[in-house]
Amino acid sequence: MSATKQPTVDGEPGTLPDSGSHTPTLNDDIPDQQKPHDAGASQLLVTTDNTDVLLVDWDGPNDPFNPKNWSYKRKWAASAIVSLFTFISPVSSSIIAPASLQVAAVFGIKSDVVISLTTSIFVLGYGVGPFLLGPLSEIYGRSRVLQTANAWYLVWNLACGFAKSEGQLIAFRFLAGLGGSAPLAIGGGVLGDVWRTEERGKAVAVFSLAPLLGPVVGPVTGAWIAQRSTWKWVFYATSIADAIVQIMGMLYLQETYAPVLLERKAARIRKSMDAEKAPSREIRTIFDSEDRHWKIIMSNALRRPFQLLFREPIVQLLSVYMAYLYGILYLFLTTLPTVFELIYHEPVGIAGLHYIALGIGLMVAAQLNAKSMDKIYIYLKNKQGGVGKPEFRLPAMVPGSFLLPIGCLVAGWTTEKHTHWIGPDIGSMLVGAGLVLNFMCIQTYIVDSFTLYAASALAAANLLRALAGFGFPLFAPSMYKALGFGKGDTILAVVAIVIGCPAPWIFWHYGERIRNSSPYAQRT
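Definitions and limits used
Residues numbered from 1 in each chain as written. Predicted model: local features only at pLDDT ≥ 70, side-chain atom pairs only at ≥ 80, totals over all residues. Heavy atoms only, no water. Helix = DSSP H or I, 4+ residues; strand = E, 2+ residues; numbered from the N terminus. Buried < 20%, exposed > 50% of the residue type's maximum accessible area, 1.4 Å probe, protein only. Contact = heavy atoms within 4.5 Å. Areas by Shrake-Rupley, 256 points an atom, 1.4 Å probe, with all protein chains shown as cover. Core = buried A, V, L, I, M, F, W, Y, C linked by side-chain atoms within 4.5 Å. Axes fitted to C-alpha atoms, helices over the stretch in contact; angles between N-to-C directions. Parallel < 35°, antiparallel > 145°, perpendicular 65-115°, else oblique. Nonpolar A, V, L, I, M, F, W, Y, C, P; charged D, E, K, R; others polar. Phe/Tyr/Trp six-rings, centres within 6.5 Å; stacked < 30°, edge-to-face > 60°. Lys NZ or Arg CZ within 6 Å of the ring centre and 35° of its normal. Left-handed = near helix turned anticlockwise from the far one by under 90°. pLDDT = per-residue confidence, 0-100. Polar contact = N/O pair within 3.5 Å; in protein donor to acceptor, adjacent residues only side chain to side chain. Expected span 1.5 Å × (residues − 1). Bend = angle between axes of the 7 residues up to and from the residue.

S.K.: I keep staring at the overall build of the chain and nothing clicks. Help me out?
M.R.: Helix and strand content of the chain: 17 helices and three strands. The 524 residues of the chain split such that 59% are buried. The long-range fraction of contacts in the chain, counting pairs at least 24 apart against all pairs at least 6 apart in sequence, stands at 81%. For the chain, the exposed surface amounts to about 20700 Å²; the carbon and sulfur share of it is 66%.

S.K.: Explain the nonpolar core to me, please; I cannot follow it from the model alone.
M.R.: For soluble globular proteins, the rule of thumb is that nonpolar side chains tend to be buried together. Counting 82 residues, the largest nonpolar core has Leu404, Val436 and Phe450 as the members making the most contacts within it. Ranked by residue count, the leading element in this core is helix H11 (residues 313-343), at 18 residues. Within the second largest apolar cluster, 20 residues are counted, among which are Val190, Val194, Trp195 and Leu253.

S.K.: How should I be thinking about the packing of helix H10 (residues 294-311) against H11 in this particular structure?
M.R.: When two helices pack together, their arrangement is given by the angle between their axes and by how far apart the axes lie. Interaxial distance between H10 and H11 falls to 5 Å at its minimum, and their mutual angle equals 90 degrees. It follows that H10 is roughly perpendicular to H11 by the angle criterion. Within the contact between the two elements, H10 uses Leu308, Leu309, Phe310 and Arg311 and H11 uses Pro313, Val315, Gln316 and Ser319. Taken together, the residues that form the contact of H10 with H11 break down as five nonpolar, two polar and one charged.

S.K.: Even after reading the chapter, I still don't get the packing of aromatic side chains, so can you show me in this structure?
M.R.: Each pair of aromatic rings is reported with the distance of its centres and the angle of its planes. By the definition in use, this model includes 20 aromatic pairs. Measuring from ring centre to ring centre gives 5.6 Å for Phe107 and Trp231, while their planes differ by 65 degrees; the resulting arrangement is edge-to-face. Of this pair, Phe107 sits in helix H2 (residues 100-107) while Trp231 sits in the loop between helix H7 (201-228) and helix H8 (232-252), placing them 124 residues apart in sequence. Positioned over the ring face of Trp70 is Arg74, at 4.0 Å from the centre of the ring. Positioned above the aromatic ring of Tyr326 is the side chain of Arg465, whose terminal nitrogen or guanidinium carbon lies 4.7 Å from the ring centre.

S.K.: Is there a simple way to explain the packing of helix H13 (residues 355-383) against helix H15 (residues 422-450) in this structure?
M.R.: Put simply, H13 and H15 touch, their axes get as near as 7 Å, and they point 35 degrees apart. At the point where H13 passes H15, the crossing takes the right-handed sense. Packed against H13, whose contacting residues are Ala357, Leu358, Ile360, Gly361, Leu362, Ala365, Ala366, Asn369, Ala370, Met373 and Tyr377, the element H15 presents Asp425, Ser428, Met429, Val431, Gly432, Ala433, Leu435, Val436, Leu437, Met440, Thr444 and Asp448 at the interface.

S.K.: For this particular structure, what's the right way to read the environment of Leu154?
M.R.: Mapped onto the elements of the fold, Leu154 is located in helix H4 (residues 142-160). Sequence separation between Leu154 and Phe235 is 81 residues; the distance between their C-alpha atoms is 9.7 Å. Excluding its chain neighbours within four sequence positions, the residues that come into contact with Leu154 are Ser239, Asp242 and Ala243.

S.K.: Please clarify how the confidence of the model for the chain should be interpreted in this entry.
M.R.: Any segment with low pLDDT has predicted coordinates that should not be analysed in fine detail. Averaged over every residue, the pLDDT of the chain is 81; residues scoring 70 or more account for 86%. Confidence drops under pLDDT 50 across residues 1-40; counting only partners more than four residues distant or on other chains, this segment forms 124 contacts.

S.K.: For this particular structure, what's the right way to read the side chain of Ser79?
M.R.: Tracing the sequence through the fold places Ser79 in helix H1 (residues 72-94). Given a relative accessible area of 2%, Ser79 falls into the buried group. Of note is the side chain of Ser79, whose polar atom sits 2.8 Å from the side chain of Trp195. The contact partners of Ser79, leaving out residues within four places of it in the chain, are Leu191, Val194, Trp195 and Ala203.

S.K.: When you look at H10 in this model, what are you seeing that I'm missing?
M.R.: An α-helix turns once per 3.6 residues; consequently, residues spaced three or four apart project the same way. Taking 1.5 Å per residue, 18 residues should reach 26 Å; H10 reaches 25 Å between its end C-alpha atoms and fits that length. At Arg303, H10 shows its largest kink, close to 25 degrees, and the proline Pro305 lies no more than four residues downstream. When we look at burial in H10, the residues that qualify are Ile297, Met298, Asn300, Ala301, Arg304, Pro305, Gln307, Leu308 and Leu309.

Structure follows, in structure tokens:
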């Protein structure tokens, strides 16, 4: 056996994690003793069979080709492009909602469930796609997989405009959702590749806002498109916008995944090496090992998320709450047309403007949290003698866990009593603020807690989130018909209180104890 064989990694407790065997995420800052790339430049070793092995590494900790050493301008360029990819796909997920009645009339759809399905089926693809696209990005790199998947989304989203039946429309929407899930699966890894822990708060805030703001912007534009044109142009318009983003990605999005970048460096060395002078020299990167085989990467990607989901209390509680948040978001997105078109008797275009209230709540809360997230983390870290903890990401979750149920109550009962339209808008704004505060805190807490396995933890959370975003709009019409908006939204508020309000208190006081007893979580 070669003396330079790397430690095996299959994601099981007790093995040495190798950053080449998983998808680096928002918090992949591994302790120095586990960072092979901190060793400096490439190393020449000799194996037991007298074959020279050249281990290709970064040229020291300040290597400018290491994405973490890129300039801020270059880092923000990568972050902005990925956030645009993450924004345009969710726009498509909900842009059809205001035009759903037009679609129902054209295809003769009578069932409320099927009408809602034309919107929510897109989100189901979000739960399936990451299990394939995430590991593919480990093999072929972030940029290549992200852009290929986006091209797949573009083709099927455009095909939706040519659908001849509700069956074709639903199938094309699902296929588009598979490709559209790529930014959710890969985008966090890109940010983890280029930003260090104490730097990434603002980038995470922008990235986290995109999948929440996109579904709000979509219906606002979709309503006016549907009113001024036909439902087909909802898909044509988003395809045109996505094509522009695709071109920007092709021009400006550079590869950030360290194993792929070092493999390219190794390939250049192999090409320049004189075969006669070095006939027995093997060249490989510090990430190369048996566990970099595609079969092992795919196996880990499919197995580890479910291990974390069934074994880790942190993932279980926060994934369920994140799923509930996403479910409420898409429930509001699909029911707002009913509220303002049928109850307040507004035209499609005017009714679509009420999505702006939800967007204002998302934007304002996200901006405030973005400005304070890193400051709070650094303050609490310094207060603890320079030791950072994932729990330092939780403070903003406290107001968020109260704003959400309050918003549900305001929106539900003002609609029930047919008050002025500003009432439901205020409720939607509070819901948006509560959603984004909780969403950002949960996502950063998960990646900070599981560091080396954060990709798997987020995959588990994203699966439940997608299922909730798909399922909630399907039962919403029946719930509101049976209970009315007041009682229906009261149920949503009560569940949000039961699940959400204890969460920050529990993890602030007991999170460290839970993590220290976990074979997967980061210990402090």
